[in-house]
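Chain and residue survey
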Amino acid sequence: MKLVVVGAEGRMGRMLIRAVAEAEGCTLHGAVERAGSPALGQDAGRLAGIGDLGVSVSDDPLSLFVAADGVLDFTVPAATVAFAELAAQARIVHVVGTTGLSQDDLKRLEAASYHARLVRSGNMSLGVNLLAGLVRKVAATLGEAFDIEVLEMHHRMKVDAPSGTALLLGEAAAEGRRVSLAETRVSTRDGHTGARRPGDIGFATLRGGSVVGDHSVIFAGPSERITLSHHAEDRGIFARGAVRAAQWAFDQPPGLYGMDDVLGLRD
Ligand SMILES: NC(=O)C1=CN([C@@H]2O[C@H](COP(=O)(O)OP(=O)(O)OC[C@H]3O[C@@H](n4cnc5c(N)ncnc54)[C@H](OP(=O)(O)O)[C@@H]3O)[C@@H](O)[C@H]2O)C=CC1
Ligand SMILES: O=C(O)C1=N[C@H](C(=O)O)C[C@H](O)C1
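This one's a predicted model, so the numbers in the text were calculated from it and none came from an experiment.

Before going further, it helps to spend a moment on the sheet that holds strand E7 (residues 147-154). In space, the five strands of this open sheet follow the order E8-E9-E7-E10-E11, with mixed pairing throughout. For this open sheet the edge positions go to strand E8 (185-186) and strand E11 (224-232), each flanked by a neighbour on one side alone. The pairing of strand E10 (residues 213-221) with E11 spans nine bridges and is classified as antiparallel. Looking across to E11, one finds that Phe-219 is bridged to Ile-226.

Pasting the structure below:
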């Protein structure tokens, strides 16, 4: 499968280049950065620390997409929406790991998925997607006597909050309880907040250092507490998940898919 990595110089971009180079049956067809990036013209393999691959970083995504099978995209929301339109034009697989997407961005990705095979997830690791299934089940079993709080910590450079994974886990909890996350979500608490509203799903965000990604879902009940956690130790877990998603989507019809489809975890 011929894959293009966009955002090639980013923390995830460099991991994705490595994951594609290591994956059986995949080749790196192209690497893209924004116009003006100092990475333009550099060899993508060298950028990723694995030696030359003979693929120069380019700022012309469409000319690469038309001759590729898929694109791996962990960038920023505005770029991802633009790449979705180009991937749809080229009728290729688009794997989206970018987080912090607005409702309007999500609608535009959905529109693109009429033509492209688009896989999107706030977390591409096996562990987090298994955890989401457990959270759904525990939330359904315990009911509202247990308060749900989602706690996350990431490195100091992360720009969006709560994390895409925290929202994915919050959605799983809300689904388990058969409520809408939009109506129960509380993402900030400061000052005299009053007592906790029954049924709320709370989010707490920590930022600092080089933390790859820590997430816990806490079910706090009368006199006891259950905590379900995931700790990411290496970004390779997300990159390998993204390559697996692209390989899975290659044989699917156009549509919008999640990692639960890729991993066969849908109930
Ligand atoms: N779903 C998942 O499993 C995971 C998701 N993520 C998400 O992936 C995203 C990226 O994270 P991370 O790699 O840490 O961030 P980085 O800031 O390190 O990387 C983003 C890259 O995208 C580039 N970029 C921005 N705009 C464009 C454009 N128009 N065309 C091409 N490239 C562009 C940036 O370039 P420049 O800096 O020059 O602007 C940068 O190199 C985040 O939303 C993060 O939350 C991260 C890990 C796992
Ligand atoms: O920005 C990151 O680094 C990460 N982003 C994703 C998120 O927002 O959940 C996934 C992972 O936790 C790392």
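Right, let's talk about the site of ligand 1 for a bit. In the vicinity of ligand 1 lie 22 residues, with Met-12, Glu-33, Arg-34, Thr-99 and Met-124 positioned nearest. The separation between an oxygen atom of ligand 1 and a polar side-chain atom of Glu-33 is 2.7 Å. Between ligand 1 and Met-124 there is a distance of 2.9 Å, counted from an oxygen atom to a backbone nitrogen or oxygen. Surface burial for ligand 1 is 78%, taken as the share of its 920 Å² of free accessible area covered by protein chains. Those elements that place two or more of their residues in the shell around ligand 1 are helix H1 (11-22) and helix H4 (77-90).

The next point concerns unusual backbone geometry. Residues Ala-161 and Pro-162 are joined by a peptide bond in cis, for which omega reads -10°. By secondary structure assignment, the location of Pro-162 is in the loop between E7 and helix H7 (164-177). The backbone phi angle of Ser-223 is positive, close to 70°, even though this residue is not glycine. Inspection of the secondary structure puts Ser-223 in the loop between E10 and E11.

The next point concerns the layout of surface pockets. Roughly 1300 Å³ of volume is contained in the largest pocket. The wall of the largest pocket is formed by 39 residues, among which Arg-120, Leu-167, Leu-168, Glu-171 and Glu-175 lie closest to the centre. Contributions of two or more residues to the lining of the largest pocket are made by helix H5 (103-112), helix H6 (126-142), H7, helix H8 (181-184), strand E12 (255-257) and helix H10 (259-262). Per-class residue counts for the lining of the largest pocket are 16 nonpolar, eleven polar and twelve charged. Here the second largest pocket defines a volume of roughly 950 Å³. Lining the second largest pocket are 41 residues; nearest its centre among them are Arg-11, Met-12, Phe-74, Thr-75 and Val-76. Elements with a contribution of two residues or more to the lining of the second largest pocket: H1, H4, H7, E10 and E11.

This part covers the environment of Ala-132. Its place among the elements puts Ala-132 in helix H6. Between the C-alpha atoms of Ala-132 and Arg-120, which are twelve residues apart in sequence, the distance is 15 Å. Excluding anything up to four places from it in sequence, Ala-132 contacts Leu-168, Leu-169 and Ala-172.

Moving on: the pairing of strand E5 (residues 93-96). The two faces of E5 match: Val-93 and Val-95 on one face and His-94 and Val-96 on the other face are all buried. Judged from the four bridges that link them, strand E4 (residues 70-73) and E5 form a sheet pairing that is parallel. Pairing of Asp-73 across the sheet is with Val-96, part of E5. The sheet contact formed by E5 and strand E6 (residues 117-120) spans four bridges and is parallel. Bridging from a neighbouring strand, Val-95 pairs with Val-119 of E6.

Here is what the cut-offs are and how they apply
- Residues numbered from 1 in each chain as written.
- Chains lettered and ligands numbered in written order.
- Predicted model: local features only at pLDDT ≥ 70, side-chain atom pairs only at ≥ 80, totals over all residues.
- Heavy atoms only, no water.
- Pairing = 2+ DSSP bridges.
- Helix = DSSP H or I, 4+ residues; strand = E, 2+ residues; numbered from the N terminus.
- Near = heavy atom within 4 Å.
- Polar contact = N/O pair within 3.5 Å; in protein donor to acceptor, adjacent residues only side chain to side chain.
- Areas by Shrake-Rupley, 256 points an atom, 1.4 Å probe, with all protein chains shown as cover.
- 1 Å grid on protein atoms, 1.4 Å probe; cavity = no way out; pocket = protein on both sides within 12 Å on 5 of 7 lines; lining within 4 Å.
- Points joined across faces, edges and corners; volume = space filled by probe spheres on them.
- Nonpolar A, V, L, I, M, F, W, Y, C, P; charged D, E, K, R; others polar.
- Contact = heavy atoms within 4.5 Å.
- Buried < 20%, exposed > 50% of the residue type's maximum accessible area, 1.4 Å probe, protein only.

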